[in-house]
Amino acid sequence: MTFELNPTAASLLGFLHDGPMSGWDLVVRAEERIGEFWSLTQSQVYRELARMAQEGLVEAGEPGTRARKVYAISDEGRDAFVEWVRRPPGNENIRFPLLLTLAFGQHVPDPMLASFISRHRIIHHDRLANYERQRAEMPSDYEDVDPYAVATLEFGITYERAVLQWFDQLPRRLTDLRDE
């Protein structure tokens, strides 16, 4: 392999283990399965697919409907994925746009900052409700069925609860929507 497999490319190879997919299908799959904790843009997906096709990690089929190419993982791609996924993961980086704004909050009028916080609190509340709904819809033996998905879902629930607790502990000045 002439290039280092990055997390974006590796995740695409991981999804292709489920069967051949178009770039668009991969974008949708990524949004559904990892979109809450790992972002992939459409341009990244197509760029990585082209690079991986050049390297022989995926094989592009003939364009189908809407001129979409379907990609299948090759044996080399399976090997590269296994090599990547068995490496120790790197350290996480928190990319939380609200925290970046909050770090420079002295430059934002208090009511505006409070509205940002209020909006993000709603987003996290809704995300927690969605995760809890997913867990409630799982069969009783869900931990035996897919422990990997369960571990990811439980992290999401724990994370969203922690973020909501953080919102609840913010100084009132940051959450007061009234102009003073």
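That block above? That's the structure.
Note that the structure is a prediction, hence the values are computed from the model and not measured.

Visitor: I would appreciate a short explanation of the sheet that holds strand S3 (residues 70-73) in the present structure.
Guide: Strand pairing in a sheet is mediated by backbone hydrogen bonds. Such pairs are either parallel or antiparallel. Pairing in this open sheet of 3 strands is antiparallel, and the strands run S1-S3-S2 from one edge to the other. The sheet is open, and its two borders are formed by strand S1 (21-22) and strand S2 (58-60), each paired with just one other strand. When S1 meets S3, the two strands line up antiparallel, connected through 2 bridges. Bridge pairing in S3 links Met21 to Tyr71. Set on the sheet, helix H1 (residues 7-16) makes contact with S1, S2 and S3; between it and S3 the angle comes to about 90°.

Visitor: It is not clear to me how the pattern of salt bridges should be interpreted in this structure. Could you clarify?
Guide: Where side chains of opposite charge bring their charged atoms close, a pairing between them can arise. In total, this model carries 11 salt bridges according to the counting rule given. Of the charged contacts, one joins Arg29 and Asp18 as a salt bridge, the two residues approaching to 2.9 Å between their closest N and O atoms. Of the two residues, Arg29 sits in helix H2 (residues 23-34) while Asp18 sits in the loop between H1 and S1, which places them 11 residues apart along the sequence. A residue is classified by how much of its surface remains accessible, and Asp18, at 52% relative accessible area, is exposed. Note that Arg121 and Asp168 form a salt bridge whose closest N and O atoms lie 2.5 Å from each other. With Arg121 in helix H6 (residues 110-136) and Asp168 in helix H8 (residues 147-168), this pair connects stretches of sequence that are 47 residues apart. Within this structure, Glu4, Glu83 and Arg87 form a network of salt bridges that share partners.

So, how was this worked out
Position labels on residues start from 1 in each chain and follow its written sequence. For this predicted model, a pLDDT threshold of at least 70 governs which residues receive local features, and a threshold of 80 or more governs which side-chain atom pairs are given and counted, while totals over whole chains, interfaces and linings are taken from all residues. No hydrogens and no water enter the side-chain calculation; it runs on all heavy atoms of the structure. Strands pair, by our definition, only if DSSP identifies at least two bridges between them. Helix and strand assignments follow DSSP, with helices taken as H or I runs no shorter than four residues and strands as E runs no shorter than two, numbered in order from the N terminus. Throughout, a residue-residue contact means that at least one pair of heavy atoms, one from each residue, lies within 4.5 Å. Here, axes are lines fitted to C-alpha atoms. For helices the fit covers the stretch in contact, and angles between N-to-C directions go from 0 to 180 degrees. When a carboxyl oxygen of Asp or Glu lies within 4 Å of a side-chain nitrogen of Lys or Arg, that pair is called a salt bridge. We call a residue buried when its accessible area falls under 20% of the maximum for its residue type, exposed when it is over 50%, and partly exposed in between, using a 1.4 Å probe and counting protein chains only.

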